[in-house]
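So you can see what is in the structure, the chains are spelled out below.
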Amino acid sequence: MHNFIKGVAAAALMAMPVSAFAEAESDDPIIIVQNNWTSQLVLSYVVGKVLEEKGYTVEYAPSDSQLQFQAIADGDMHFQVEAWEGSMKSAFEKAVENGMVDAGTHSAATREEWWIPNYVLDKCPGAGSWQGLDRCAEMFATAETKPKGRFVGPPADWGKNYADRIDALEMNFEAINVGQAATLWAELQSAYDREEPIVLFNWTPNFIESKFEGQFVDFPAPSAACNEVKEWGPNPNATGDCGAPHSGWLKKAAWSGLAEKYPGAWGVMQNVDFTNAQIAAAALLVDVDGMEPEEAADKWIEDNKDIVASW
Ligand code: TMO
């Protein structure tokens, strides 16, 4: 071959994306579930983009954080990157009984719980525990909730148990759920700027810890008995009188047909393993740096090249 042509051919080969060499076992789309909080959106795009690089066709489908697991069991959706113990354990476990695959646990330890900025402790020193917080309930009252305190609760599809928990613990609070996560942060920011009392739903890993000083409120530690046995816990007449785990799991969930239909993609999904810092960084790119989730995914991949390569 003429040297010039050889050179052009070699350059063309080098310029080809890796995906051109990869073999997807099927061109049918792999459907990745998306939820309504930012780390999940970013990291679902991260996994989707890596699979696309390897030649797979990927689609994204929005879903409710509780109903998604049965949809995955049914094969209507195929993969979920972030299943949180604190808010999704029962829906997750029920779907596993119905055939959904537990696709492994991330290294990250998670917590989803009521949360206060630290300045709240100046006005209500006991607010780090649910009883102490409850004694100051009126401080958190709004026109809508007074004389009860307002708990700024999550969108309704993230664990629906807060009103029930308030009842079970006979707390002087009312859960007012926001419609979307951004409203939680707007409420927090406006209270924080004026050092006004606020207690809201938060979780970790999240971007919050790099921007606000605060802590979770301790509730009675969860146990299976809490949800089944009335006599268990501070209220002998109610179940659900406990909080979420302090160090909960974060899992991946998959359709049972994935391994057979797309063995290569399944291998990637099994290797995906996020740490707390990696998840917090994903949220930060959107909630602090203002990127769109998909753009944030590109940046995240760029910042974590070695990890992505190891999948
Ligand atoms: C499911 N979430 C992380 C928003 O608590």
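Quantities reported herein were computed from a predicted structural model and do not represent experimental measurements.

### Thoughts on the domain arrangement of the protein chain
Looking at the assigned domains, one finds that the protein chain contains domain 1 (25-109 + 248-310) and domain 2 (111-232). Relative placement of domain 1 and domain 2: their C-alpha centres are 28 Å apart. Between domain 1 and domain 2, roughly 1,400 Å² of surface is buried when both sides are summed, and carbon and sulfur atoms account for 57% of that area. Among the residues of domain 1 in contact with domain 2, Asn36, Trp84 and Asp287 are the three that bury the most area, contributing 31% of the side total. On inspection of domain 1 and its partner domain 2, the count reaches zero salt bridges. The interface formed by domain 1 and domain 2 includes six residue pairs in polar contact (both at pLDDT 80 or more). Elements with a minimum of two residues in the side of domain 1 that touches domain 2: helix H4 (85-97) and helix H12 (276-287). The dominant element in the side of domain 1 that touches domain 2, judged by the number of residues it contributes, is H12, at six residues.

### Digging into the site of the ligand
Contacts to the ligand come from Trp37, Trp84, Ser87, Met88, Glu112, Trp158, Phe201 and Trp203. If the ligand stood free it would expose 210 Å²; the protein chains cover 100% of that surface. Of all elements in the fold, only H4 and strand E8 (200-204) reach the threshold of two or more residues within the shell around the ligand. The residue makeup of the shell around the ligand, split by class, is six nonpolar, one polar and one charged.

### Some points on the nonpolar core
One recurring pattern in soluble globular proteins is that nonpolar side chains are buried together. Residues Leu51, Trp114, Leu133 and Phe173 are the most contacted members of the largest nonpolar core, which totals 91 residues. By residue number, the principal contributor to this core is helix H2 (residues 38-53), which donates seven residues.

### Digging into the state of the cysteines
On inspection of all chains with the given rule, the structure shows two disulfides. A disulfide bridge connects Cys124 with Cys136, and the sulfur atoms are separated by 1.9 Å. On the sign convention where negative means left-handed, the S-S torsion of about 85° between Cys124 and Cys136 marks this disulfide as right-handed. In this pair, Cys124 is assigned in the loop between helix H5 (120-123) and helix H6 (130-135) and Cys136 in the loop between H6 and strand E6 (149-153), connecting sequence segments twelve residues apart. For the residue pair Cys124 and Cys136, the accessibility class agrees, reading buried in each case. Disulfide pairing is shown between Cys226 and Cys242; the S-S distance is 2.1 Å. As the torsion about the S-S bond is roughly -100°, the Cys226-Cys242 disulfide counts as left-handed.

The rules we used
- Residues numbered from 1 in each chain as written.
- Predicted model: local features only at pLDDT ≥ 70, side-chain atom pairs only at ≥ 80, totals over all residues.
- Heavy atoms only, no water.
- Domains from an automatic or database assignment.
- Buried area = accessible area lost by both parts, 1.4 Å probe.
- Salt bridge = Lys/Arg side-chain N within 4 Å of Asp/Glu carboxyl O.
- Polar contact = N/O pair within 3.5 Å; in protein donor to acceptor, adjacent residues only side chain to side chain.
- Helix = DSSP H or I, 4+ residues; strand = E, 2+ residues; numbered from the N terminus.
- Near = heavy atom within 4 Å.
- Areas by Shrake-Rupley, 256 points an atom, 1.4 Å probe, with all protein chains shown as cover.
- Nonpolar A, V, L, I, M, F, W, Y, C, P; charged D, E, K, R; others polar.
- Core = buried A, V, L, I, M, F, W, Y, C linked by side-chain atoms within 4.5 Å.
- Buried < 20%, exposed > 50% of the residue type's maximum accessible area, 1.4 Å probe, protein only.
- Disulfide = S-S within 2.5 Å.

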